[in-house]
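Okay, here's what each chain looks like letter by letter:
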Amino acid sequence: MLFGVEFKAFHALILGFAAKLFFIFKTSAMHKVCSRLHGPSLFGKTDQRILVEACVKFHRGCGVLCQKSAVKHPPPVLPQIPPCDFKPEPYQGMSKDRLLEIRKNNCNPMTMKVTYYKKPVFINQGYMQWLWDVDGRRYLDLFAGVATISVGHCNPKVTEVAEKQLRRLWHTTAIYVYPQMQEYAEKLASLLPDPLKVVYFTNSGSEANDLAVLMARLHTGNFDVITLRGSYHGGSPQATGLTSNADYKYPVPSSMGCHNTMCPDVFRGLWGGSHCRDSPVQTIRECSCSPGHCQANDMYISELKEMFATTVPNRIAAFFAEPIQGVGGAVQYPKNYLKDAYQLVREKGGICIADEVQTGFGRTGSHFWGFQGHNVLPDMVTMAKGIANGFPMGAVVTTAEIARSFGKGVHFNTFGGNPLACAVASSVLDTIKEDKMQENSAEVGTYLLTELAKLRDKYEIIGDVRGKGLQIGVEMVKDKASRDPLDPQAMAEIFEDAKDMGVLIGKGGLYGQTFRIKPPMCITKDDADFFLAVFNQAVQNYMERR
Ligand SMILES: Cc1ncc(COP(=O)(O)O)c(C=O)c1O
């Protein structure tokens, strides 16, 4: 009781002090930075008093920042995070400082390099589209562990299946017959068109792509493989050869026989217009192509032909492409590009490989697989990430004919297709179907894309909005005329601001210029509205500061 009285008095004192401070902020040009506070939105508190309290709290830690800012508008009412009934467990682990210390001293140094945010997010728990940090703050997760949490964090249906399987059998390798692998292989194959019916299990996307390269070489008897610039196909020594992004390359001979052709990026590339891509949103570039004809496509295909004429032998092993580039920043190609490229590749004796590591499992909304949106039939499909909602797993699906060419040696993978992974992945497929997640991707994704396009029209620094379903990219530019990438500092500010207001998104693109939105496929329209309000606010805050 005594504590209560004292607390109230202290509270009143602080509020009085805060109100005075707020008055000073208003008159001495300081509150703009304070308007970026996450406190009110995260806890659903938007009244002015609490905003003032939050300002005081923020000011204590960031006085220098506040002093630098300039007032133009009253503090905006920050977007409110949609409600959620789930109660996370309280965090009882190590302090944040200790976690960072261990991360610095004992973890792969790259871990520090890839840690997102100036003030990192320390995650405690996840449930569906939500993540809670160790302080109990809730975030809307629109990056899904890099496009991996397909059906929601700890989705109860999948978790129940995993728990049952954990009690029954974890591992034996495929030297014995256990039902989970067969059941899943049949279920997965049934979702692919003929003749893609033979499934190889791996533990990651890189491993799947390594295997695909080996099989393509053995099947064709050729060596050279072509990928698109800006692509990401993995981080293993072989896959870094396929990947075309300098940040992921090392000065070692990992790229033997791998070549990258010009990416048919209709926004940033040499050619592109206003009808090229399969998306509810087109680029801001003009074009005068007649319906059914795309000059940009012709030009990019002529680049590929040039590559055949100059860079590779007359016979090649394979052509790899993501249906929509992931790490590259949701880059989309002209509608017929893959169809025309596949034809040329096959004329050169190569097989065509669709890397569905990000685009598979309904994410693009219109189809279960990204390649289906391009109206092509690959000879091999590689997959991982969303396949098992975060449980490590990958796969290659190919034809019986290609599988036969590979049968000369013994291919063995200790963990590939283990009972746990297969049970989880099987439940993911059931959940996508039962809970209509592909349909939800199409609906919420299309809504997000069309609303983001309105923000693109509003802000000079939003150059392009693209994607399909819940595979979305928002490319940021210095200005629309130059299309020069927005500088990394500006990107970081908007990114951090969105996080502070309660939304986690990703970054990508060759210059780190594209925000990536690839949420669990269970997000709702309310979540989309919350994100749109937060993103609008973060961009507006940046525009006012610069
Ligand atoms: C399209 C694509 N392919 C392959 C990979 C490699 O997958 P993993 O990280 O599971 O090895 C990734 C990873 O980001 C990817 O995005």
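What comes next is a walk through the structure. All of these numbers come straight from a predicted model, not from anything done at the bench.

## Thoughts on the overall build of the protein chain
Of the regular secondary structure elements, the protein chain holds 18 helices and 15 strands. The buried share among the 546 residues of the protein chain stands at 54%. Partitioning the intrachain contacts of the protein chain with sequence separation of at least 6 by distance along the chain shows that 74% fall at a separation of at least 24. A total accessible area of about 24,200 Å² is found for the protein chain, and carbon and sulfur atoms account for 57% of it.

## Quick word on the environment of lysine 468
Considering the arrangement of structural elements, one finds lysine 468 in strand E11 (residues 462-468). Considering only alpha carbons, one finds lysine 468 and glycine 365, 103 residues apart in sequence, at a separation of 6.7 Å. Excluding residues within four positions of it along the chain, lysine 468 makes contact with Asp278, Ser279, Ile324, Gln332, Arg363, Thr364, Ser366, His367, Gly373 and Leu449. Among the polar contacts listed, one links the side chain of lysine 468 to the side chain of aspartate 278, at a separation of 2.8 Å.

## Observations regarding the side chain of threonine 173
Structurally, threonine 173 can be placed in the loop between helix H8 (156-168) and helix H9 (179-189). Take threonine 173: its relative accessible area is 10%, and that puts it in the buried class. Those residues in contact with threonine 173 that lie beyond four places of it in its chain are Tyr178, Phe412 and Thr414.

## Details of the sheet that holds strand E7 (residues 318-321)
Taken in spatial order, the seven strands make up an open sheet running E4-E10-E9-E8-E7-E5-E6, and their pairing is mixed. Edge positions in the sheet fall to strand E4 (198-202) and strand E6 (258-261), since each has one partner strand and no second. Taking each pair of neighbouring strands and ignoring which way they run, the sheet shows an average axis angle of 20°. Sheet topology note: the strand E9 (residues 380-383)/strand E10 (residues 394-398) ladder contains four bridges and is antiparallel. Across the sheet, residue threonine 382 finds its bridge partner in E10, namely valine 396.

## Things to note about the packing of aromatic side chains
Under the criterion given, the structure shown has 18 aromatic pairs. An aromatic cluster is defined as three or more aromatic residues linked by ring pairs; in this entry it consists of Tyr116, Tyr117, Phe143, Phe495, Phe515, Phe531 and Phe535. Between lysine 507 and the ring centre of tyrosine 116, over which it is positioned, the NZ or CZ distance is 5.7 Å. Sitting over the ring of tyrosine 447, lysine 525 keeps its end group 4.5 Å from the ring centre.

## Considerations on the packing of helix H17 (residues 488-500) against helix H18 (residues 525-545)
Geometrically, a packed helix pair is captured by the angle between its two axes and the distance between the axes. Running from N to C, H17 and H18 point in directions that differ by 135°, and their axes come no closer than 9 Å. The orientation of H17 with respect to H18, classified from their angle, is oblique. The two elements H17 and H18 meet at a crossing, and its hand is right-handed. For the pair H17 and H18, contact is made by Ala490, Glu493, Ile494, Asp497 and Ala498 and by Val534, Phe535, Ala538, Val539, Asn541, Tyr542 and Arg545, respectively. Residues belonging to the contact of H17 with H18 are distributed by class as follows: eight nonpolar, one polar and three charged.

## So, the nonpolar core
Formed by 107 residues in total, the largest nonpolar core has its most connected members in Met476, Phe531 and Phe535. Of the residues forming this core, the biggest block, nine residues, is contributed by H18. Formed by 20 residues, the second largest nonpolar core is a distinct cluster that contains Tyr200, Leu211, Val213 and Met380.

## Concerning the sheet that holds strand E3 (residues 138-141)
The sheet built from four strands is open, its strands ordered E1-E2-E3-E13 with mixed pairing. Of all strands in the sheet, those with a lone pairing partner are strand E1 (123-127) and strand E13 (503-504), marking the two edges. The pairing of strand E2 (residues 130-133) with E3 spans three bridges and is classified as antiparallel. Paired with tryptophan 132 across the strands is arginine 138, a residue of E3.

## Observations concerning the site of the ligand
Neighbouring residues of the ligand: Ser204, Gly205, Ser206, Asn209, Tyr232, His233, Gly234, Glu322, Asp355, Val357, Gln358 and Lys385. Tyrosine 232 places a main-chain nitrogen or oxygen 3.5 Å from a nitrogen atom of the ligand. Between the ligand and aspartate 355 there is a distance of 2.7 Å, counted from a nitrogen atom to a side-chain nitrogen or oxygen. Surface burial for the ligand is 84%, taken as the share of its 390 Å² of free accessible area covered by protein chains.

## Describing the packing of H9 against helix H15 (residues 419-434)
Between H9 and H15, whose axes approach to 8 Å, the crossing angle comes to 35°. Judged by the sense of rotation from one axis to the other, the crossing of H9 with H15 is left-handed. In contact with Gln180, Met181, Tyr184, Lys187 and Leu188 of H9, H15 contributes Pro419, Cys422, Ala423, Ala425, Ser426, Leu429 and Asp430. Tallied by class, residues from the contact of H9 with H15 come to eight nonpolar, two polar and two charged.

## Digging into empty space enclosed by the protein
Tallied over the full model, the rule gives two cavities of 30 Å³ or more. Roughly 110 Å³ of internal volume is contained in the largest cavity. Forming the walls of the largest cavity are Asp278, Pro323, Ile324, Gln332, Tyr333, Lys335, Thr364, Gly370, Gly373, His374 and Lys468. Among the residues making up the lining of the largest cavity, the classes are represented as three nonpolar, five polar and three charged. For the second largest cavity, the calculated volume is near 50 Å³. Counted by class, the lining of the second largest cavity contains four nonpolar, four polar and one charged residues.

Cut-offs used in this document
- Residues numbered from 1 in each chain as written.
- Predicted model: local features only at pLDDT ≥ 70, side-chain atom pairs only at ≥ 80, totals over all residues.
- Heavy atoms only, no water.
- Helix = DSSP H or I, 4+ residues; strand = E, 2+ residues; numbered from the N terminus.
- Buried < 20%, exposed > 50% of the residue type's maximum accessible area, 1.4 Å probe, protein only.
- Contact = heavy atoms within 4.5 Å.
- Areas by Shrake-Rupley, 256 points an atom, 1.4 Å probe, with all protein chains shown as cover.
- Polar contact = N/O pair within 3.5 Å; in protein donor to acceptor, adjacent residues only side chain to side chain.
- Pairing = 2+ DSSP bridges.
- Axes fitted to C-alpha atoms, helices over the stretch in contact; angles between N-to-C directions.
- Phe/Tyr/Trp six-rings, centres within 6.5 Å; stacked < 30°, edge-to-face > 60°.
- Lys NZ or Arg CZ within 6 Å of the ring centre and 35° of its normal.
- Parallel < 35°, antiparallel > 145°, perpendicular 65-115°, else oblique.
- Left-handed = near helix turned anticlockwise from the far one by under 90°.
- Nonpolar A, V, L, I, M, F, W, Y, C, P; charged D, E, K, R; others polar.
- Core = buried A, V, L, I, M, F, W, Y, C linked by side-chain atoms within 4.5 Å.
- Near = heavy atom within 4 Å.
- 1 Å grid on protein atoms, 1.4 Å probe; cavity = no way out; pocket = protein on both sides within 12 Å on 5 of 7 lines; lining within 4 Å.
- Points joined across faces, edges and corners; volume = space filled by probe spheres on them.

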